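The residues making up each chain are set out below.
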Amino acid sequence: MNRQAKCKTPRRPPPKKPPNSQKDPVGVYLRVRPLAAEDEECCIEVISGTTVQLHAPEGFKVNRNGEYKETQYSFKKVFGVSVDQMELFEHVAKPLIVDLIHGKNGLLFTYGVTGSGKTFTMTGSPGQGGLLPRSLDMLFNSIDPYQAKRYVFKTDDKNGVDLQCEVDALLERQRRDNALNISKTPSSRQRVDPEIGDMLKQEEACKADGVDEDSSYSVFVSYIEIYNNYIYDLLEEMQEDAIKPKWNGGGTPLRQNTEFTPPQSKTLREDQNHNMYVAGCMEVEVKSAEEAFQVFWRGQKRRKVANTRLNRESSRSHSVFIIKLAQAPLDADGDNILQDKNQVSVSQLCLVDLAGSERTGRTGAEGTRIREAGNINQSLLNLRTCIEILRENQMCGTNKMVPYRDSKVTHLFKNYFDGEGKVRMVVCVNPNAGDYEETMLVMRFAEMTQEVEVARPVDRPICGFTPGRRHRNQTSKEELSHRLEERSSPIDNGGISVLNGMALSLPPLPSSELTDPNDEITLPRLIEALQNRQRIRQMMVEECSRAANMMKSMLQELDSNLISKENLIHEQNGRLAEKDRAIQSNKTEIERLEKKAKMQENKIVILQKTTKIYEDDKRSLQQELETRGHRLQRELSDKRRMEQRMQGMVSDTQHKWEKECEKRVNAMQLEMQNKLWVKDEKLKQLKAIVTESKTPGRSDAPPRQTQPQTQPQRPSREERPSREKRPSREERPPAKRSASPSPLPTTTPVRPLHRRSRSAGGEKWVDHKPTSSLDLGTVLQPVIPNAIQVSTPSEKALSKCDRYVLTHQEVASDGEIQTKLIKGDVIKTRGGGQAVQFTDIETLKQELATVQSRKRKSSEGTLPSGDQTGGSWTDVETRCSVALEMKAGSNMGPGFEHHGITKRRKP
């Protein structure tokens, strides 16, 4: 049967991206730091603009044979000690800023040993700005004319950007400004730090080309650090938690103590486009390079640094400064931002200052510094492992899983290596000979990194609107404003210019040349023309006055409307202030309730922990009680079982000893009877001898016979039947059944009564005789009355009987078949069944009659040669010289064999 597979949550399908087979290698640049002192030994030599040579310092053997080995490494660009920050920015960071403005992502990080100049390369110093301030300056110089107003773009909590209309953005700006005015005084405003005031020079400012003028831009910055593989937000405001005030005797607080809560670590999450981001990270909207760098410097002061033997301010964490650029196209009129979230493009540039790898033996780190150095080295090792596996997958065609999740650094920048933007690395090295080993490892890693290829990012799709919308809108606005200015001022400079313009539309004057003093045509014509012009001029003046009055009325109306609008705005501002005050009071109440809820939650957690402890104790006590109860029940059952076993053993032992005592008493009785019988025989023989010696008429006494002729003689061992089966226990005497025969009496003695076996009583037997048993055909056979004969014992047969006998046959040492009767008692078990307890074993043997007797015969008292019918046991002396000797280990009990042997006479 097939086992069903375990159900798993289906993974979201990755977003469909246009296929792009073009790949670019990771750009790796090398920067050599100047030596701290001129007399220091240098181990790096710049050969060309792309190649350096690394040679071992004096006293350092690279190969086993002791020879020095010089190694050359190639990079995309090598910057020597004389290269300034501006040239480095032109080659490394400027293309990334251009891509950022065109909607493409970028990653730039510095890598190297501690004290190699990574922080200086990224941040710089006063007058020598690094890559970060120059990137901010170039970005804002390029998009400054096209920036949207504050809060038009608004970030969400899922690594996305939302759009707001102008009214909502205006309300949010007013609300923020009012909150800022209430919370801070003008003297407490942020001032520019003097350390960063002159970071850049005006003549070094640069600007990107090809900026889309038909889009609006907004910049958001965030700053995090990865310390001990935990992510912390460097821009997060420190929250104040009020401690309970100390009260004096009068009921007034002595003082109010507050403390700052430690920063909480952030988590990495994946957005809907499968891009990694830091959840809950603070993103600040900035409108200038100075403001952005001020935010960066505020977080830079909170970064983890420490003083080591190699560096006075050694970075103890990896810092990541993220510049996020949001841009959206303008509408068809080129006036407002298109309110479509799908048209918003978000690109970001990550500037990473990695902490330097270090050896604790050289830095002299102790305690916490050792743990920090271990975490830094481990994260850099994970970065190296990911690069190696990427390189192997690309060069060898394998599909190994890249362990991005082993470190927060690699997990955060996973998307860049998967083709979400360009990757640039600046390798900083210290040419000092003391850093030779670390520098060699850095060189190898950098040379391997530039063999990794990253997919080229896809260009942002172009909006379908007509280009040049913003320029046309601005031109139309300027023209409209010019016209309004002309219409709002019809009489300028006393109305002369306007009237002169109108005079140009008057009819021209006729020719006023007089040829004759009596000319009466020219003067009337001129007078008529002047009158006509005067009439037209008067009409124009009236029209102008009428227009001026109309304009005046319009201006008055506009003034009244403006005053009403101002009153409305003032009223709305008052209402807004009231709403803000209500919101502030509600926020205060919410904060109080949140603190109270947090306190109650803490109490609930404490009570839950206490309850859990009590429940665990209760559970452990119940388990202990159950265990002890089970142990007690087990002990009681063992005790009852032991008592039953002891009672059974006592009864069995008592029964056994009763049987043994009975056997021994019977054996002693038989022995005493035999002794009495022997004594009677001796007396009878003596009496016969005495009687014969007193018979008259005989001169010599006849030879003494051991047995009268009239009595039947006992056959000797040689005259017995050849094969005779031993009788069973019921047919044999109770004691000494296998004992040697005693001397035969002259008269037949009275045999004592034999004790009958228990099988002959009222007990019922189970006669177990297997089918393989042979019938020997002997005369003497064991007879067990009141028995049930079975070939295989069954529980039904055992339940009806009290005793059990098993007939077992085997070949003896002399080659004859030996039969054993194994007897036992049938007892009932506690489970309702039957069991057999074996108590006795009887052995039946067959002997040949032709075997010579091993008993010694006496030489005295032999019969005459003519009469050999009597045996050697007929004389008294021979019979008296026979003793009973048992086998070794015999207890004189029934069922044991005894052999009669002749006593040895003393010489």
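Each value, and the rule that gives it
- Residues numbered from 1 in each chain as written.
- Predicted model: local features only at pLDDT ≥ 70, side-chain atom pairs only at ≥ 80, totals over all residues.
- Heavy atoms only, no water.
- Helix = DSSP H or I, 4+ residues; strand = E, 2+ residues; numbered from the N terminus.
- Buried < 20%, exposed > 50% of the residue type's maximum accessible area, 1.4 Å probe, protein only.
- Contact = heavy atoms within 4.5 Å.
- Areas by Shrake-Rupley, 256 points an atom, 1.4 Å probe, with all protein chains shown as cover.
- Pairing = 2+ DSSP bridges.
- Phe/Tyr/Trp six-rings, centres within 6.5 Å; stacked < 30°, edge-to-face > 60°.
- Axes fitted to C-alpha atoms, helices over the stretch in contact; angles between N-to-C directions.
- Core = buried A, V, L, I, M, F, W, Y, C linked by side-chain atoms within 4.5 Å.
- Expected span 1.5 Å × (residues − 1).
- Parallel < 35°, antiparallel > 145°, perpendicular 65-115°, else oblique.
- Left-handed = near helix turned anticlockwise from the far one by under 90°.
- Nonpolar A, V, L, I, M, F, W, Y, C, P; charged D, E, K, R; others polar.
- pLDDT = per-residue confidence, 0-100.
- Salt bridge = Lys/Arg side-chain N within 4 Å of Asp/Glu carboxyl O.
- Patch = residues over 30% accessible without salt bridge, like charges linked within 9 Å, V, L, I, M, F, W, Y side chains within 5 Å.
- Polar contact = N/O pair within 3.5 Å; in protein donor to acceptor, adjacent residues only side chain to side chain.

Digging into the overall build of the protein chain
No. 1: Along the protein chain, the regular secondary structure elements total 16 helices and 35 strands.
No. 2: Evaluated residue by residue, the protein chain yields a buried proportion of 34% over its 907 residues.
No. 3: Excluding contacts between residues fewer than 6 apart, the proportion of contacts in the protein chain whose partners are at least 24 apart in sequence is 69%.
No. 4: When the accessible surface of the protein chain is summed, it comes to about 57,500 Å², and 52% of that surface belongs to carbon and sulfur atoms.

Structural notes on the pairing of strand E32 (residues 834-844)
No. 1: Across 10 bridges, the pairing between strand E31 (residues 817-828) and E32 is antiparallel. Residue Ile822 lies in a different strand from E32, and its bridge partner there is Ile841.
No. 2: In sequence, E31 turns back onto E32 through a hairpin of five residues, with Gly832 there showing a positive phi of about 95 degrees.

Observations regarding the pairing of strand E13 (residues 230-233)
No. 1: The sheet contact formed by strand E12 (residues 215-227) and E13 spans four bridges and is antiparallel. Counterpart to Ile224 in the pairing with E13 is Asp233.
No. 2: Between the end of E12 and the start of E13, which pair antiparallel, lie two residues, with Asn228 showing a positive phi angle near 55 degrees.

Some points on the packing of aromatic side chains
No. 1: Per the counting criterion, the structure on display carries nine aromatic pairs.
No. 2: Ring centres of Phe293 and Phe296 lie 5.3 Å apart, and the angle between their planes is 40 degrees; this geometry places the pair in the tilted category. With Phe293 and Phe296 both in helix H6 (residues 289-300) and three residues apart, the pair spans about one turn of that helix.
No. 3: Take Phe296: its relative accessible area is 2%, and that puts it in the buried class.
No. 4: Between Tyr804 and Phe838, the ring centres sit 6.1 Å apart and the planes meet at 70 degrees, which makes this aromatic pair edge-to-face. A residue pair is termed long-range when its members are at least 10 positions apart, and Tyr804 in strand E30 (residues 803-811) and Phe838 in strand E32 qualify at 34 residues.
No. 5: The class of Tyr804 is buried, set by a relative accessible area of 6%.

Considerations on the sheet that holds strand E4 (residues 51-55)
No. 1: Strand order across the open sheet formed by three strands is E3-E4-E5, with antiparallel pairing between neighbours. This sheet does not close on itself; its edge strands, each paired only once, are strand E3 (44-46) and strand E5 (70-74). Direction aside, the axes of adjacent strands within the sheet are offset by 25 degrees on average.
No. 2: Two strands pair when backbone bridges link them, and E3 and E4 are joined in this way by three bridges, in the antiparallel orientation. Looking at the pairing, Val46 lines up with Val52 of E4.

Section: the side chain of Thr51
No. 1: The residue Thr51 is located in strand E4 in this model.
No. 2: In contact with Thr51, not counting residues within four places along its chain, are Val46, Gln72, Tyr73, Ser74 and Val78.

Re the nonpolar core
No. 1: Counting residues in each nonpolar core, the largest one holds 56 residues, and the members touching the most others are Phe75 and Phe413.
No. 2: With sequence-adjacent residues up to four places away left out, Phe75 is seen in contact with Val28, Leu30, Thr50, Val52, Met443, Ala446, Glu447 and Gln450.
No. 3: Among the nonpolar cores identified, the runner-up in size contains 46 residues, and Phe79, Val83, Leu132 and Cys428 belong to it.

Here's the deal with H6
No. 1: Given a rise of 1.5 Å per residue, 12 residues ought to cover 16 Å, and the 16 Å separating the end C-alpha atoms of H6 matches this to within 8%.
No. 2: Among the 12 residues in H6, nine count as buried, and that is most of the element.
No. 3: Among the residues making up H6, those that are buried are Ala289, Ala292, Phe293, Gln294, Val295, Phe296, Trp297, Gly299 and Gln300.
No. 4: Contacts made by the buried residues of H6 are with helix H3 (118-122), helix H4 (131-143), E12, strand E20 (284-286) and strand E23 (318-329).

So, the sheet that holds E32
No. 1: In space, the five strands of this open sheet follow the order E29-E28-E30-E31-E32, with mixed pairing throughout. Edge strands, defined here as strands with exactly one partner in the open sheet, are strand E29 (787-790) and E32. The mean angle between the axes of side-by-side strands here comes to 25 degrees, regardless of whether they run parallel or antiparallel.
No. 2: When strand E28 (residues 765-768) meets E29, the two strands line up parallel, connected through four bridges. Across the sheet, Trp765 pairs through a bridge with Ala787, a residue of E29.

A closer look at the packing of H4 against H6
No. 1: At a minimum axis separation of 9 Å, H4 and H6 run at an interaxial angle of 150 degrees. As the angle between them shows, H4 and H6 are arranged roughly antiparallel. Of the two elements, H4 crosses H6, and the hand of that crossing is right-handed. For the pair formed by H4 and H6, the contact residues are Leu132, Pro133, Leu136, Asp137 and Phe140 on the first element and Ala289, Ala292, Phe293 and Phe296 on the second.
No. 2: Tallied by class, the residues present in the contact of H4 with H6 amount to eight nonpolar, no polar and one charged.

A short note on the confidence of the model for the protein chain
No. 1: For the protein chain, per-residue confidence averages 77 on the pLDDT scale, and 72% of positions sit at 70 or higher.
No. 2: Throughout residues 853-874 the model reports pLDDT below 50, and contacts reaching past four residues in sequence, or to other chains, amount to 37 contacts.

Description of the pattern of salt bridges
Working definition: two side chains of opposite charge can pair if their charged atoms are close together.
No. 1: All told, the structure shown has 29 salt bridges when counted by the stated rule.
No. 2: With a closest N to O distance of 3.1 Å, Lys422 and Asp99 form a salt bridge. Placement of the pair is Lys422 in strand E25 (residues 421-429) and Asp99 in helix H2 (residues 94-101), with a sequence separation of 323 residues.
No. 3: Residue classification places Asp99 among the buried positions, given a relative accessible area of 11%.

Describing the environment of Leu354
No. 1: Here Leu354 is to be found in the loop between strand E24 (345-353) and helix H7 (360-363).
No. 2: Sequence separation of Leu354 and Ile376 is 22 residues, and the distance between their C-alpha atoms is 8.9 Å.

Comments concerning a nonpolar patch on the surface
No. 1: Taken together, the side chains of Met642, Met646 and Met649 present a nonpolar region at the surface, about 280 Å² in accessible area.
No. 2: Note that Met646 resides in helix H14 (residues 522-693).
No. 3: The exposure class of Met646 is partly exposed, given its relative accessible area of 42%.

Some remarks on the packing of H2 against H4
No. 1: Contact geometry for H2 and H4: axes closest at 10 Å, N-to-C directions at 40 degrees. The angle between the axes of H2 and H4 places the two elements in the oblique class. Once H2 is placed against H4, the crossing between them reads as right-handed. Across from Lys94, Ile97, Val98, Leu100 and Ile101 in H2, the residues of H4 making contact are Ser135, Met138, Leu139, Ser142 and Ile143.
No. 2: Residue composition of the contact of H2 with H4, grouped by class: seven nonpolar, two polar and one charged.

Brief notes about the environment of Glu451
No. 1: As for its placement among the helices and strands, Glu451 is situated in the loop between helix H11 (436-449) and strand E26 (453-455).
No. 2: Taking C-alpha positions, Glu451 is 6.3 Å from Pro25, a pair spaced 426 residues apart along the chain.
No. 3: With residues near it in sequence (within four places) discarded, Glu451 still touches Arg391, Gln394 and Met395.
No. 4: For Glu451, the side chain forms a polar contact with the side chain of Arg391, separated by 2.3 Å.

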